[in-house]
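If you want the building blocks of each chain, they are given just below.
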Amino acid sequence: DYLGMKPRLSTTMTSGGVTIYNQLMFAVFAIASGYVDCVLCVGGGKFRRGPHVRFVAHPEFELPYGADIISFYALPAVRHMHEFGTTMEQLASVVVTQRKWASMNPNALFREQVTVDDVLRSPMVVYPYTLLMCSRPADGAGAILVASAEKARELTDRAVWIVGVDEYHTHGWVTSMPSLTELGSRVTAENAFKMARLKHGDIDLAMFTDPFAFLPIEHVEDCGFVRKGEGGRFFEEGRGEPGGDLPVNTHGGLLCGVHSGVNPLVHHVIEAVRQLTGEAGERQVKDAERAFIQLHGGMMEHYATMILSVG
């Protein structure tokens, strides 16, 4: 109503972190069928008050025993630390990396750069997560326009193409996770790379889901950019920072950029598009042509990968 639109097609989707992927795929299918030639995907909202865990914890076997979202997300981190020697300092390095990117993003919530010691000295929330290792809920929104090839050529001379996708769902509840140290992102990444006919070395930047500091470590491993157990070292060595060989979450991610509502990863996709169209300003990755986006939703049960390219 505010936009004065009278669309031929309209629907509402809510599937946590993979919502924007589902929206984009719905748009792609609608356009490919010839039903429409342009779809506007909008995501955002206001965080509801109250215990959000009641929406994601098993009502009989998890919720009555004090389940909490942060505690759920601490489980894979602690197990990874036990099996691979990942350290608190390496978790803190993820925050340091993303704060460096956020410091160049005028829309980021947290633009002040921090050190590993700053992150470790912040109050402990749930081991191993200190306060600065946790994203902060915020209000916000984003929009992406998906168009047919013909329409895109009318609108811009630098269209961004979806060249590889995949989706995978591993479980219903945290207590039935098949593994704490291997996420479903391994499957979706492999299939998306196969569809795109690209290799890891072809990627110029990566966007990983990051509600808590450990998740980018596990995603960079499971998506095949480093070997298992080396994700912590990847961030500790600054490889995801400005000037690194694989820039990660160049807008600051959920941790430092914004974690908005039930569709927060719309901002990951928007940032990837901005980078590929050369519109990222001070944080622009030089000669960026291909972006890898790894999304996950719920309590680590929904996974989707999208590879974008301007070539």
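Not measured: the values here are computed from a predicted model.

Novice: Explanation requested: the pattern of salt bridges in the structure shown.
Specialist: Any two side chains of opposite charge can pair, on the condition that their charged atoms come close. Summed over the entire model, instances satisfying the criterion amount to 12 salt bridges. The partner of glutamate 218 in a salt bridge is lysine 228, and the shortest N-O contact between them spans 3.7 Å. Note that glutamate 218 is positioned in helix α7 (residues 215–222) and lysine 228 in the loop between α7 and α8 (231–236), a separation of 10 residues in sequence. The closest approach of N and O atoms between arginine 283 and glutamate 271, which form a salt bridge, is 2.9 Å. Taken together, the residues arginine 283 in the loop between α10 (266–276) and β9 (290–297) and glutamate 271 in helix α10 connect sequence positions 12 residues apart. Comparing arginine 283 with glutamate 271, the two get one shared label, buried. Salt bridges sharing common partners tie together Glu218, Glu221, Asp222 and Lys228.

Novice: What should I look at first to understand the sheet that holds strand β6 (residues 161–169) in this one?
Specialist: Read across the sheet, four strands follow the order β6-β10-β9-β7 without closing on themselves; strand pairing throughout is mixed. Taken across any chain shown, the strands that pair with only one partner, and hence form the sheet edges, are β6 and β7 (205–208). Strand-to-strand twist in this sheet, taken as the mean axis angle between neighbours without regard to direction, amounts to 10 degrees. For β7 and β9, the ladder comprises four bridges, and the chain directions are parallel. Bridge pairing links leucine 205 to alanine 291 in β9. Its contacts with the sheet put helix α6 (residues 185–196) on β6, β9 and β10 (302–309), and the angle it makes with β6 is roughly 150 degrees.

Novice: Would you take a moment to explain the layout of surface pockets for this structure?
Specialist: Over the atoms, a rolling probe the size of a water molecule traces out where space has been left empty. What the largest pocket holds in volume is close to 1,100 Å³. Considering the residues around the largest pocket, the lining is formed by 44 residues, among which Phe47, His52, Ile69, His259 and Met299 are closest to the centre. Going through the elements one at a time, α2 (69–84), α3 (88–102), α9 (253–257) and β9 are the ones with two or more residues in the lining of the largest pocket. Broken down by class, the residue content of the lining of the largest pocket amounts to 24 nonpolar, 14 polar and six charged.

Novice: Sorry if this is basic, but what is going on with the packing of aromatic side chains here?
Specialist: Where two aromatic rings form a pair, the distance of their centres and the angle of their planes describe that pair. According to the stated counting rule, one finds eight aromatic pairs in the structure shown. Considering the side-chain rings of tyrosine 129 and phenylalanine 212, the 5.2 Å spacing of their centres and the 20 degrees angle between planes classify their relative orientation as stacked. Placement of tyrosine 129 in strand β3 (residues 129–130) and of phenylalanine 212 in the loop between β7 and α7 is noted, with a sequence separation of 83 residues between them. With respect to class, tyrosine 129 is no different from phenylalanine 212; both count as buried. An aromatic cluster of at least three residues, connected via ring pairs, comprises Phe193, Phe208, Phe225 and Phe292. Between the NZ or CZ atom of arginine 8 and the centre of the ring of tyrosine 35, over which it lies, the distance is 4.4 Å.

Novice: Whenever I open this one, the nonpolar core confuses me. Can you help?
Specialist: By size, the foremost hydrophobic cluster in this structure holds 53 residues, and its most contacted members are Val95, Tyr129, Met133, Phe208, Phe225, Phe292 and Ile307. Among the elements of the structure, α2, α3, α6, β7, α7, α8, α9 and β10 are those that each provide at least two residues to this core. In terms of residues, this core owes the most to one element, α3, which gives seven residues. Once residues within four sequence positions are removed from consideration, tyrosine 129 is found in contact with Ile70, Tyr73, Ala74, Ala77, Leu91, Met124, Cys134, Phe212, Ala213, Phe214 and Leu215. Core analysis: the second largest hydrophobic core is formed by 34 residues, Val18, Ala27, Leu254 and Val266 among them.

Novice: Explanation requested: the environment of alanine 147 in the structure shown.
Specialist: Within the secondary structure, alanine 147 sits in strand β5 (residues 140–147). By relative accessible area, alanine 147 is classed as partly exposed at 25%. Along the primary structure alanine 147 and leucine 255 are separated by 108 residues, whereas in three dimensions their C-alpha atoms are 31 Å apart.

Novice: In this structure, what is going on with α2? I would like to understand it.
Specialist: A turn of α-helix holds 3.6 residues, and therefore any two residues three or four places apart point the same way. Between the first and last C-alpha of α2 there are 24 Å, a value that for 16 residues agrees with the 22 Å anticipated at 1.5 Å per step. At leucine 75, α2 shows its strongest bend, of approximately 25 degrees, with the proline proline 76 following within four residues. Buried within α2 we find Phe72, Tyr73, Ala74, Pro76, Ala77, His80 and Met81. Just past α2, the residue glycine 85 takes up positive phi, approximately 75 degrees.

Novice: Any chance you could explain the environment of glutamate 167 here in plain terms?
Specialist: By the secondary structure assignment, glutamate 167 is in strand β6. Sequence separation between glutamate 167 and glutamate 89 is 78 residues, and the spatial gap between their C-alpha atoms is 32 Å. Contacts of glutamate 167, omitting those with residues within four sequence positions, involve Tyr21, Asn22, Thr188, Tyr303 and Ala304. A polar side-chain atom of glutamate 167 sits 3.4 Å from a polar atom in the side chain of asparagine 22. Only 2.8 Å separates the side chain of glutamate 167 from the side chain of histidine 169, close enough to count as a polar contact.

Criteria and cut-off values
- Residues numbered from 1 in each chain as written.
- Predicted model: local features only at pLDDT ≥ 70, side-chain atom pairs only at ≥ 80, totals over all residues.
- Heavy atoms only, no water.
- Salt bridge = Lys/Arg side-chain N within 4 Å of Asp/Glu carboxyl O.
- Helix = DSSP H or I, 4+ residues; strand = E, 2+ residues; numbered from the N terminus.
- Buried < 20%, exposed > 50% of the residue type's maximum accessible area, 1.4 Å probe, protein only.
- Pairing = 2+ DSSP bridges.
- Axes fitted to C-alpha atoms, helices over the stretch in contact; angles between N-to-C directions.
- Contact = heavy atoms within 4.5 Å.
- 1 Å grid on protein atoms, 1.4 Å probe; cavity = no way out; pocket = protein on both sides within 12 Å on 5 of 7 lines; lining within 4 Å.
- Points joined across faces, edges and corners; volume = space filled by probe spheres on them.
- Nonpolar A, V, L, I, M, F, W, Y, C, P; charged D, E, K, R; others polar.
- Phe/Tyr/Trp six-rings, centres within 6.5 Å; stacked < 30°, edge-to-face > 60°.
- Lys NZ or Arg CZ within 6 Å of the ring centre and 35° of its normal.
- Core = buried A, V, L, I, M, F, W, Y, C linked by side-chain atoms within 4.5 Å.
- Expected span 1.5 Å × (residues − 1).
- Bend = angle between axes of the 7 residues up to and from the residue.
- Polar contact = N/O pair within 3.5 Å; in protein donor to acceptor, adjacent residues only side chain to side chain.

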